[in-house]
Amino acid sequence: MGKRHTNQKWQTLIEQSESSSLSTLAFCKLNELDPSTFYAQRQQLKKVDVSQGVVREEVVEKTTKYQAQIASANMTLLVNDVELSIPQGTVA
């Protein structure tokens, strides 16, 4: 059975996790914590904060770049010396 921590200890662990550069899973492994218990405690403490009127807000800026490459391939049927080429997107 794993260690039992107080809410204050969980709060400290969650704050340490958020300020570290580790992923949550890596942080849990390093601190010998069960990830599912960590997630559950974090969610529970957020509910407690909200019910007590304490709301933590964090602004996270994410930039995602997408690059699409569309191939323009034709379907080609070659029988003997006869070639039939149908462009992509042709309705059946």
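For the structure itself, look to the data block above.
Predicted model only: the values in this text are computed from it and were never measured. Positions within a chain are numbered from 1, following the residues in the order the chain's sequence is written. Selection of residues for local features in this predicted model requires a pLDDT of at least 70, selection of side-chain atom pairs for listing and counting requires 80 or more, and totals for whole chains, interfaces and linings are taken over all residues. To get the side-chain values, all heavy atoms of the structure are used, and hydrogens and water are removed first.

S.K.: Whenever I open this one, the overall build of the protein chain confuses me. Can you help?
M.R.: Strands are runs of DSSP state E lasting at least 2 residues, helices are runs of H or I lasting at least 4, and numbering of each runs from the N terminus. For the protein chain, the helix and strand inventory stands at three helices and two strands. Its helices and strands taken in sequence order, the protein chain reads α-α-α-β-β from the N to the C terminus. Among the 92 residues that make up the protein chain, the fraction classed as buried is 13%. Pairs of residues are marked as contacts when any of their non-hydrogen atoms sit within 4.5 Å. For the protein chain, the proportion of contacts with a sequence separation of at least 24, taken over those separated by at least 6, is 35%. Here the protein chain displays about 8,500 Å² of accessible surface, and carbon together with sulfur accounts for 52% of that area. Buried residues are those whose accessible area, probed at 1.4 Å on protein chains only, stays under 20% of the maximum for their type, while exposed residues exceed 50% and partly exposed ones sit between those limits. Here the accessible surface of atoms and residues is derived via Shrake-Rupley with a 1.4 Å probe, and residues count as covered only by protein chains that are part of the display.

S.K.: What is the right way to read a nonpolar patch on the surface from this model?
M.R.: Patch rule: a residue counts if its relative accessible area is over 30% and it has no salt bridge; like charges are joined within 9 Å, and nonpolar side chains (Val, Leu, Ile, Met, Phe, Trp, Tyr) within 5 Å. Salt bridge criterion: a side-chain nitrogen from Lys or Arg within 4 Å of a carboxyl oxygen from Asp or Glu. A surface patch of nonpolar side chains, amounting to about 270 Å² of accessible area, comprises Leu 77, Val 79 and Leu 84. Examined against the element boundaries, Leu 84 turns out to sit in strand β2 (residues 82–86). Residue classification places Leu 84 among the partly exposed positions, given a relative accessible area of 45%.

S.K.: Just to check I follow, could you spell out helix α1 (residues 7–19) for this structure?
M.R.: To estimate how far a helix should reach, multiply one less than its number of residues by 1.5 Å. Taking 1.5 Å per residue, 13 residues should reach 18 Å; α1 reaches 18 Å between its end C-alpha atoms and fits that length. Considered for burial, the residues of α1 that qualify are Trp 10, Gln 11, Leu 13, Ile 14 and Ser 17. Buried residues along α1 cover an arc of 165° about the axis, so they all sit on one side. Residues Gln 8 and Ser 19 are exposed on α1 and point more than 90 degrees away from its buried face. Think of it as the arc spanned by the lines of direction from the helix axis to the C-beta atoms.

S.K.: Would you mind showing me how to read the side chain of Ser 17 here?
M.R.: Along the chain, Ser 17 turns up in helix α1. If sequence neighbours within four positions are ignored, Ser 17 has contacts with Leu 22, Thr 24, Phe 27 and Phe 38.

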